Amino acid sequence: MKSAGIRYTMLIIVFLLISAFVLTPSTAVSENLDTLPAERLQTVVTGGLLYDKWWKELGIAKPASIHPSYPEIGKKRGTSTWRCKECHGWDYKGSKGAYGRGGHYTGIRGIRVAAGTPEKRVTAILRNKSHQFDRLPQRALQAIAAFVVYGQVDMDKYIDRASKKAKGDKASGGRLFQTICARCHGADGTLLNFSGDPKNPEYIGTVATRNPWETLHKIRYGQPGEQMPSMLALSLEQQLAILAYTQTLPLRRHQ
Ligand code: HEC
Ligand code: HEC
């Protein structure tokens, strides 16, 4: 009797383990954001915007000097060397990512390993000698840490490095773009010109084709200091669908 009971209990445990494994949604796509309480999402979004361009989002004076950790071999000077993305990349992979060569090369490693680590550890890194971000308000540092810990995705899984093509469903992306983005950017993404130069315009189609990693970051978090909303609450599949669709948008404005 007793051993039958134990066997029965074991069977139930095995069944529960298997069903937990089968029913748990794939973490490969949801990454570590889905378990976060809704109240914390806004902090992660703010952190993503600060990672992009913290002075714009905070509405404070931009630094004029070169960041003390920006290396000699780097080609950038002044303000832009203070953006997290300038040293760690839009794909968060630093020298192992898209910034592994070209005009943004620094040789600095990425922040992927810091995903899922304690947030306190990240705020400490932001205050260390190689960062010197203690000039930022404590709440901003906490938001950046929340982004680093919860907000990253492994972009190489979703964007082919060589062809820059996003792995997303263009058709459903078009439906999302036309209902969410077109209001501000126009049906073909050419209503706003980011370069401000009519001779050398930059539209969504341009950015998405040239820099899909930047575009995915901005789809997820929005644009620092602007009204553009974050799409973080959409599934990653939907975000990637939008990205894939934006890569079909024109690089030039039809007259
Ligand atoms: C001028 C270049 C530069 C900028 C800008 C910069 N970092 Fe770093 N970061 C580094 C260097 C160099 C290291 C490695 C050495 C170290 O940790 O002290 C590093 C390491 C890190 C690490 C640790 C990664 C690991 O291996 O554990 C994190 C996290 C990080 N940075 C986040 C950020 C964030 C967030 C920002 C923006 C607020 C930022 N960094 C801005 C240069 C930079
Ligand atoms: C409420 C208006 C609004 C909505 C909605 C909106 N955006 Fe934006 N977006 C902006 C503004 C404003 C800018 C900054 C324009 C500038 O800097 O000239 C911007 C910037 C961008 C950029 C950055 C370009 C760059 O190089 O800096 C991208 C990419 C972008 N938007 C894509 C999208 C996508 C995709 C959607 C839909 C998911 C979307 N936006 C929805 C207003 C909006």
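Here the structure is shown first, and the text comes after it.
Since we're looking at a predicted model, the values are computed, not measured.

(A) Region of the structure containing the overall build of the protein. Of regular secondary structure, the protein possesses 10 helices and zero strands. Sequence-ordered secondary structure for the protein, helices as α and strands as β, is α-α-α-α-α-α-α-α-α-α. For the protein, the residues scored as buried account for 42% of the 255 residues in total. Of all intrachain contacts in the protein linking residues separated by at least 6 positions in sequence, the fraction that spans at least 24 positions is 62%. As displayed, the protein offers around 14500 Å² of accessible surface, 59% of which is attributable to carbon and sulfur atoms.

(B) How the structure looks around the site of ligand 2. Near ligand 2 you find 18 residues, and of these Cys181, Cys184, His185, Gln223 and Met228 are the closest. For ligand 2, a nitrogen atom lies 2.8 Å from a polar atom in the side chain of His185. Note that an oxygen atom of ligand 2 is positioned 3.1 Å from one of the side-chain N or O atoms of Gln223. If you list the elements that add at least two residues to the shell around ligand 2, you get helix H7 (170-185), helix H8 (204-210) and helix H9 (212-221). Among the elements that make up the shell around ligand 2, the one with the highest residue count is H7 (four residues). Among the residues making up the shell around ligand 2, the classes are represented as 12 nonpolar, three polar and three charged.

(C) Layout of the site of ligand 1. By nearness alone, 23 residues border ligand 1, and Cys84, Cys87, His88, Ser130 and His131 come closest of all. At the level of secondary structure, the elements contributing two or more residues to the shell around ligand 1 comprise helix H4 (84-88), helix H5 (119-127) and helix H6 (138-150). Of the residues belonging to the shell around ligand 1, the class tally is 12 nonpolar, eight polar and three charged.

(D) The arrangement of a nonpolar patch on the surface in detail. Where nonpolar side chains cluster on the molecular surface, the patch consists of Leu191, Leu192 and Phe194 and spans about 260 Å² of accessible area. Looking at the secondary structure, you find Phe194 in the loop between H7 and H8.

(E) Highlighting the coordination of the iron atom of ligand 1. Taken together, the protein donors to the iron atom of ligand 1 comprise His88 (NE2) and His131 (NE2), at separations of 1.9 to 2.0 Å. Its six donor atoms give the iron atom of ligand 1 angles of 88 to 180 degrees at the centre, a pattern that matches the octahedral case. Pair noted here: His88 is in helix H4 and His131 is in the loop between H5 and H6, with a separation of 43 residues, a long-range link.

(F) Fine view of the side chain of Gln239. For Gln239, the location among the structural elements is in helix H10 (residues 236-246). Only 3.2 Å separates the side chain of Gln239 from the backbone oxygen of Met231, close enough to count as a polar contact. In contact with Gln239, other than residues within four places in its own chain, are Leu216, Ile219, Arg220, Met231, Leu232 and Leu234.

What counts, and at which threshold
Residues numbered from 1 in each chain as written. Chains lettered and ligands numbered in written order. Predicted model: local features only at pLDDT ≥ 70, side-chain atom pairs only at ≥ 80, totals over all residues. Heavy atoms only, no water. Helix = DSSP H or I, 4+ residues; strand = E, 2+ residues; numbered from the N terminus. Buried < 20%, exposed > 50% of the residue type's maximum accessible area, 1.4 Å probe, protein only. Contact = heavy atoms within 4.5 Å. Areas by Shrake-Rupley, 256 points an atom, 1.4 Å probe, with all protein chains shown as cover. Near = heavy atom within 4 Å. Polar contact = N/O pair within 3.5 Å; in protein donor to acceptor, adjacent residues only side chain to side chain. Nonpolar A, V, L, I, M, F, W, Y, C, P; charged D, E, K, R; others polar. Patch = residues over 30% accessible without salt bridge, like charges linked within 9 Å, V, L, I, M, F, W, Y side chains within 5 Å. Salt bridge = Lys/Arg side-chain N within 4 Å of Asp/Glu carboxyl O. Donors = N, O, S within 2.8 Å, 3.2 Å for Na, K, Ca; no water. Tetrahedral: all angles 85-135°; square planar, octahedral: opposite > 155°, others 65-115°.

The values are spatial; any link to function lies outside them.
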